[in-house]
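# An overview of the molecular structure
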Amino acid sequence: MSININENSCNGCPKRKEGRCERICPGNLIKRKNEKAVIENKSDCWDCAACVKACPQNAIEIYLPEEIGGKGANLLAEVKKNEIVWVIKNQSGNYKEYHLAR
Ligand code: SF4
Ligand code: SF4
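Residues numbered from 1 in each chain as written. Chains lettered and ligands numbered in written order. Predicted model: local features only at pLDDT ≥ 70, side-chain atom pairs only at ≥ 80, totals over all residues. Heavy atoms only, no water.

## Some details on the pairing of strand β7 (residues 95–101)
Definition in use: Pairing between strands is defined by DSSP: at least two bridges between the two strands are required. Helix and strand assignments come from DSSP, with helices taken as H or I runs of at least 4 residues and strands as E runs of at least 2, each series counted from the N terminus.
Two strands pair when backbone bridges link them, and strand β6 (residues 83–89) and β7 are joined in this way by 7 bridges, in the antiparallel orientation. In the strand pairing of β7, V87 is matched with E97. Count of turn residues in the β6/β7 antiparallel hairpin: 5 residues, of which G93 carries a positive phi of about 95°.

The structure is reproduced here in C-alpha coordinates:
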(Lines give C-alpha, C1' and ligand atoms only; values in the text may rest on other atoms or scores of the structure.)
(Ligands and ions follow the chains in the order given, each with its own letter.)
Protein backbone atom coordinates (compact mmCIF):
# COMPACT_ATOMS: atom_id res chain seq x y z
CA MET A 1 0.00 0.00 0.00
CA SER A 2 1.03 3.60 -0.38
CA ILE A 3 -0.51 7.01 -0.70
CA ASN A 4 -1.36 9.15 -3.66
CA ILE A 5 -1.56 12.94 -3.50
CA ASN A 6 -3.99 14.47 -5.95
CA GLU A 7 -2.14 17.53 -7.18
CA ASN A 8 -5.30 19.07 -8.56
CA SER A 9 -6.90 19.04 -5.11
CA CYS A 10 -3.81 20.01 -3.09
CA ASN A 11 -3.62 23.75 -2.55
CA GLY A 12 -0.27 23.57 -0.77
CA CYS A 13 -1.73 24.74 2.55
CA PRO A 14 -1.13 28.41 1.76
CA LYS A 15 0.19 30.70 4.50
CA ARG A 16 1.49 27.74 6.51
CA LYS A 17 5.18 27.21 7.10
CA GLU A 18 4.67 23.52 6.32
CA GLY A 19 1.83 21.64 4.67
CA ARG A 20 -0.37 19.89 7.23
CA CYS A 21 0.55 16.53 5.70
CA GLU A 22 4.22 17.47 5.65
CA ARG A 23 4.12 18.42 9.32
CA ILE A 24 2.30 15.32 10.55
CA CYS A 25 4.07 12.54 8.64
CA PRO A 26 6.07 10.59 11.22
CA GLY A 27 8.48 9.43 8.53
CA ASN A 28 9.12 12.93 7.18
CA LEU A 29 8.24 11.59 3.73
CA ILE A 30 6.16 14.49 2.36
CA LYS A 31 7.58 17.79 1.09
CA ARG A 32 6.06 20.76 -0.64
CA LYS A 33 7.49 21.54 -4.02
CA ASN A 34 6.14 24.36 -6.14
CA GLU A 35 3.25 24.74 -3.66
CA LYS A 36 2.18 21.12 -4.05
CA ALA A 37 2.76 18.23 -1.68
CA VAL A 38 4.76 15.29 -2.98
CA ILE A 39 5.71 12.05 -1.29
CA GLU A 40 9.30 10.95 -1.44
CA ASN A 41 10.39 7.35 -0.91
CA LYS A 42 6.91 5.85 -1.18
CA SER A 43 8.30 2.50 -0.13
CA ASP A 44 9.02 3.94 3.33
CA CYS A 45 5.36 4.85 3.91
CA TRP A 46 3.77 2.53 6.47
CA ASP A 47 0.19 3.61 5.75
CA CYS A 48 -0.54 5.21 9.09
CA ALA A 49 -3.10 7.51 7.37
CA ALA A 50 -2.07 10.51 9.45
CA CYS A 51 -1.62 12.61 6.32
CA VAL A 52 -4.96 11.42 4.92
CA LYS A 53 -6.76 12.71 8.01
CA ALA A 54 -4.74 15.92 8.17
CA CYS A 55 -5.47 17.20 4.67
CA PRO A 56 -8.30 19.75 4.62
CA GLN A 57 -8.61 19.35 0.85
CA ASN A 58 -9.19 15.56 0.94
CA ALA A 59 -6.32 15.41 -1.52
CA ILE A 60 -4.62 12.30 -0.14
CA GLU A 61 -5.75 8.70 -0.56
CA ILE A 62 -4.30 5.34 0.33
CA TYR A 63 -4.21 2.55 -2.21
CA LEU A 64 -5.67 -0.61 -0.70
CA PRO A 65 -4.75 -4.19 -1.44
CA GLU A 66 -7.29 -6.01 -3.60
CA GLU A 67 -8.20 -8.37 -0.73
CA ILE A 68 -9.43 -5.44 1.35
CA GLY A 69 -11.24 -3.15 -1.05
CA GLY A 70 -11.38 -4.92 -4.39
CA LYS A 71 -9.38 -4.15 -7.52
CA GLY A 72 -8.04 -0.60 -7.70
CA ALA A 73 -9.58 0.40 -4.37
CA ASN A 74 -8.48 3.37 -2.37
CA LEU A 75 -9.29 4.90 1.00
CA LEU A 76 -10.08 8.55 1.59
CA ALA A 77 -11.09 10.46 4.71
CA GLU A 78 -13.38 13.40 5.23
CA VAL A 79 -12.77 14.95 8.62
CA LYS A 80 -15.77 16.60 10.21
CA LYS A 81 -16.24 18.26 13.55
CA ASN A 82 -17.40 15.14 15.42
CA GLU A 83 -16.54 12.29 13.10
CA ILE A 84 -14.26 11.04 10.38
CA VAL A 85 -15.95 9.59 7.34
CA TRP A 86 -13.71 6.91 5.81
CA VAL A 87 -14.63 6.10 2.22
CA ILE A 88 -13.45 3.03 0.33
CA LYS A 89 -13.89 3.39 -3.42
CA ASN A 90 -13.19 0.66 -5.91
CA GLN A 91 -12.40 0.74 -9.60
CA SER A 92 -16.06 0.24 -10.56
CA GLY A 93 -17.04 3.42 -8.76
CA ASN A 94 -18.71 1.57 -5.88
CA TYR A 95 -17.99 2.94 -2.46
CA LYS A 96 -18.62 2.23 1.20
CA GLU A 97 -18.61 4.76 3.99
CA TYR A 98 -17.60 4.18 7.59
CA HIS A 99 -18.45 6.87 10.14
CA LEU A 100 -16.18 6.91 13.17
CA ALA A 101 -16.48 9.35 16.05
CA ARG A 102 -13.48 11.60 16.64
S1 SF4 B 1 0.47 7.40 5.47
FE2 SF4 B 1 1.68 7.98 7.29
S3 SF4 B 1 3.79 7.36 6.79
FE4 SF4 B 1 2.64 7.38 4.86
S5 SF4 B 1 3.04 9.41 3.98
FE6 SF4 B 1 1.12 9.54 5.18
S7 SF4 B 1 1.71 10.24 7.23
FE8 SF4 B 1 3.56 9.52 6.16
S1 SF4 C 1 -2.38 18.87 3.66
FE2 SF4 C 1 -3.43 18.57 1.70
S3 SF4 C 1 -3.64 20.62 0.83
FE4 SF4 C 1 -2.08 20.75 2.45
S5 SF4 C 1 -0.12 20.44 1.38
FE6 SF4 C 1 -0.82 18.43 2.11
S7 SF4 C 1 -1.93 17.53 0.38
FE8 SF4 C 1 -1.75 19.73 -0.01
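## Side note on the nonpolar core
Condition: What makes a nonpolar core is a set of buried Ala, Val, Leu, Ile, Met, Phe, Trp, Tyr and Cys residues whose side-chain atoms join them at distances within 4.5 Å. Burial here depends on accessible area, computed with a 1.4 Å probe over protein chains only, as a share of the maximum for the residue type. Under 20% is buried, over 50% is exposed, and the range in between is partly exposed. Contacts are assigned to residue pairs that have any heavy atoms within 4.5 Å of one another.
By size, the foremost hydrophobic cluster in this structure holds 24 residues, and its most contacted members are I3, I5, I30, V52 and I60. Looking at this core, the elements with two or more residues in it are β1 (3–5), β3 (36–39), α2 (50–54), β4 (60–63), β5 (74–79) and β6. Of all the elements, β6 adds the most residues to this core, at 3 residues. In contact with V52, not counting residues within four places along its chain, are I60, I62, L75, L76, A77 and W86.

## Some points on the environment of I39
Looking at the secondary structure, you find I39 in strand β3. Sequence spacing of I39 and V85 is 46 residues, and the spatial spacing of their C-alpha atoms is 23 Å. Apart from residues no more than four positions distant in its own chain, I39 is found in contact with I3, I5, L29, I30 and C45.

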